[in-house]
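Chain residues, written in single-letter form:
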Amino acid sequence: MRIRPLDVAQAVAVAVVAARLSRGRRRLPPLAKPLSTVERRDPVSAPGRACGAAREGAWPGGVSVVVPARDEEHRIGPCLRAALADPAVGEVIVVDDGSRDGTARLAAKLGAKVVVGVPPPAGWVGKQWALRQGVAAACGEVVVTLDADTRPAPGLFAALVAALDGRDLVSVGPRFVCDGPLEQALHGAFLATLVYRFGPIGSAVAPPPHRVIANGQCLAFRRSRMLEVDGFARVRDRMTDDVALARYLAGRGWSVAFLDAGGLLEVDMHESAAELWREWGRSLPLHDVTRPDRQAADLAVLWLVAALPVLRLVVGRPSRLDLGLLAARWLLIAALRGSYAVPGLGLWLSPLLDPAAALRLTWATVRPVRSWRGRRYPREAALSLGRLWARRCRECDRDGSLTRPRPGGGCDDVPPARPGRSAAR
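Here the structure is a predicted model, which is why all the values come from computation and not from measurement.

A. The overall build of the chain, seen in detail. Looking only at helices and strands, the chain has 15 helices and 12 strands in total. Every one of the 425 residues in the chain was classed for burial, and the buried ones make up 53%.

Below, the structure written as structure tokens:
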């Protein structure tokens, strides 16, 4: 029997994916709504700065929820209403990032504290700049950042506080709301690419810092520690800000966890399959937090394990390994059903779109997106991580702003951004 190089490469890719999926045998439990009231504690404020009174009926010293928002009037309401109604929340801060609609008016009307965002300085991506302003304005001991399209359920914030016991940064995987079978099928194909690349959510085995993953739709941390490291400034120019932050902090010894939200958080990210194709492709490649060689390796794994079996099935020439991979892919769907508010037919059809997902990921890796919400990112924010490392390590030698380069590439810190064009999300 003739052994073809493509079959050998596919077998190697299968072994890689199998090793990643095997981490699912030991998983941390999902977030759960506490059975008893969260322990009350004294308010914690920034030194030398007086905070306003907590909302009536709120947990004293409770969670500060920070929501960065730009033109979110049409969907921020459910997020704010749920957060404001939660007894564990001491305050809800909306950082209005130059909205051109009624985002700020709606937030104030609902009872949130509105911080009018200052335009981002040169070298900053807008979301990080907005979050930095929101954390600075917060009064709570614990800060939870939420995207405007999230829908927190009662008990989420108390569960996040509990999850921070022994941890420094927690992000969670929500349940996704998809409108129609096509959107769900495409979303399921995109989500599977993350599982094949990084393994299942909530693994009890901590990955190395360069493989840490996070979801910026919901982050929880202690305000004092984040201010101490100025975390958002460290990833000021990254388009994939959530993963960049988690990897930076993990590299500095922080305990970082990515957990299943357990039904306590839903997200309605996109209004159509077309928007999903366009917008999720912006961040899915993780191009500015992943070395070029690892990007290439991840793409090769996806094409060999996810896309190739479907393409061979379509032309009527699947191998036994292809059929086994297709069967495993449908088994993965069963595991992913809990990631959707209403799992439907589209999810079961998602494997048929795996080649399209691999194509979108490849195109976005080669041609990274540089614009968002009417603002254009600077070229520097779209550079590959390898080129960023090379540039920053040269700066280490020139101005001493960084320490020594780490083995394998990268520096121990992130330098101040150079003057240049500004961009924000």
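Next comes the rest of the description.
B. Main features of the packing of helix α1 (residues 5-21) against helix α12 (residues 320-336). At a closest axis distance of 11 Å, the pairing of α1 and α12 adopts a crossing angle of 25°. If you check the angle between α1 and α12, you find them roughly parallel. When you trace α1 past α12, the crossing you get is left-handed. Along the contact surface, α1 presents Gln10, Ala11 and Val14, while α12 presents Leu321, Asp322 and Leu325. For the contact of α1 with α12, the residue count by class is 4 nonpolar, 1 polar and 1 charged.

C. The environment of Ala233, seen in detail. By secondary structure assignment, the location of Ala233 is in helix α8 (residues 231-234). Overall, Ala233 belongs to the buried group, its relative accessible area being 3%. For the pair Ala233 and Arg132, spaced 101 residues apart in sequence, the C-alpha separation works out to 7.6 Å. Beyond its immediate stretch of four places on either side in the chain, Ala233 contacts Trp124 and Arg132.

D. Structural detail: the packing of aromatic side chains. This structure, assessed with the given rule, holds 5 aromatic pairs. Between Phe190 and Trp280, the ring centres sit 5.7 Å apart and the planes meet at 85°, which makes this aromatic pair edge-to-face. Here Phe190, found in helix α6 (residues 181-198), pairs with Trp280, found in helix α10 (residues 273-283); they are 90 residues apart in sequence, far enough to count as distant.

E. Representation of unusual backbone geometry. Unlike most non-glycine residues, Asp71 shows phi in positive territory, near 55°. The residue Leu286 is not glycine, and still its phi comes out positive at about 55°. Along the polypeptide, Leu286 turns up in the loop between α10 and α11 (292-314). Among the residues examined, Leu286 registers a relative accessible area of 5% and is labelled buried.

F. Up close: the state of the cysteines. Here the structure, examined in full by the defined rule, presents 0 disulfides. Cys79 takes part in no disulfide bond, and the closest cysteine sulfur to it belongs to Cys218, at a distance of 9.5 Å. By relative accessible area, Cys79 is classed as buried at 0%.

G. Spatial organisation of the pairing of strand β6 (residues 169-173). Counted residue by residue, β6 has 5 buried out of 5 residues, so it is predominantly covered. Burial of the side chains of β6 extends over both faces: Leu169, Ser171 and Gly173 are buried on one face and Val170 and Val172 on the other. For β6 and strand β8 (residues 218-222), the ladder comprises 3 bridges, and the chain directions are antiparallel. For Leu169, the partnering residue across the bridge sits in β8 and is Phe221. Where β6 and strand β9 (residues 256-260) come together, 5 bridges link them in parallel fashion. Bridged to Ser171 within β9 is Phe258.

H. Structural context of the nonpolar core. Core analysis: the largest hydrophobic core is formed by 37 residues, its most contacted members being Leu31, Val65, Val67, Val144, Phe157, Leu160 and Val172. For this core, the elements supplying multiple residues, two or more each, are β1 (63-69), α2 (77-85), β2 (89-96), β4 (142-146), α5 (156-163), β6, β8 and β9. Filtering out sequence-adjacent residues up to four positions away, Val144 remains in contact with Val63, Ser64, Val65, Val66, Phe157, Leu160, Cys218, Leu219 and Ala220. In this structure, Cys178, Ala306, Leu336 and Ala357 belong to the second largest nonpolar core, which totals 31 residues.

I. Examining the sheet that holds strand β7 (residues 175-176) more closely. Read across the sheet, 3 strands follow the order β5-β10-β7 without closing on themselves; strand pairing throughout is mixed. Single-partner strands in this sheet number two, and they are β5 (150-152) and β7. Pairing analysis gives 2 bridges linking β7 to strand β10 (residues 265-267), with the strands arranged parallel. Paired with Arg175 across the bridge in β10 is Glu266.

J. Layout of a nonpolar patch on the surface. Judged by side-chain polarity, Trp330, Leu345, Trp348, Leu349 and Leu352 come together as a nonpolar surface patch covering roughly 480 Å² of accessible area. Looking at the nonpolar patch element by element, the count peaks at 3 residues for helix α13 (residues 345-349). Along the polypeptide, Leu349 turns up in helix α13. Note on Leu349: relative accessible area 37%, which makes it partly exposed.

So, how was this worked out
- The residue numbering used here restarts from 1 in each chain and proceeds along that chain's sequence as written.
- Confidence filtering applies because this is a predicted model: local features only for residues at pLDDT of at least 70, side-chain atom pairs given and counted only at 80 or more, and all residues used for totals across whole chains, interfaces and linings.
- Excluded from the side-chain calculations are hydrogens and water; all other atoms, namely the structure's heavy atoms, are used.
- Runs of E in the DSSP output that reach at least two residues are strands. Runs of H or I that reach at least four are helices, and both are numbered from the N terminus.
- We call a residue buried when its accessible area falls under 20% of the maximum for its residue type, exposed when it is over 50%, and partly exposed in between, using a 1.4 Å probe and counting protein chains only.
- All axes here are fitted lines through C-alpha atoms, helices being fitted over the stretch that makes contact, and every angle between N-to-C directions spans 0 to 180 degrees.
- Each angle is binned into one of four classes, with values under 35 degrees roughly parallel, values over 145 roughly antiparallel, values of 65 to 115 roughly perpendicular, and all other values oblique.
- Left-handed describes a crossing whose near helix is turned anticlockwise from the far helix by less than a right angle; the clockwise case is right-handed.
- The contact criterion used is simple: two residues touch if any of their non-hydrogen atoms lie within 4.5 Å.
- Nonpolar residues are Ala, Val, Leu, Ile, Met, Phe, Trp, Tyr, Cys and Pro. Charged residues are Asp, Glu, Lys and Arg, and all others, Gly as well, are polar.
- Paired rings are identified among Phe, Tyr and Trp, the last through its six-membered ring, by centres lying within 6.5 Å, and are further divided according to the angle between planes into stacked (under 30 degrees), edge-to-face (over 60) and tilted (the rest).
- Any pair of cysteine sulfurs within 2.5 Å is marked as a disulfide.
- Here, any two strands with at least 2 DSSP bridges between them count as paired.
- Buried residues of nine kinds, namely Ala, Val, Leu, Ile, Met, Phe, Trp, Tyr and Cys, make up a nonpolar core once their side-chain atoms join them within 4.5 Å.
- Residues with no salt bridge and a relative accessible area higher than 30% make up the patches, which join like charges within 9 Å and nonpolar side chains (Val, Leu, Ile, Met, Phe, Trp, Tyr) within 5 Å.
- Using the Shrake-Rupley algorithm and a 1.4 Å probe, accessible areas are obtained, with residue cover drawn only from the displayed protein chains.
- Think of a salt bridge as a Lys or Arg side-chain nitrogen and an Asp or Glu carboxyl oxygen that are within 4 Å of each other.

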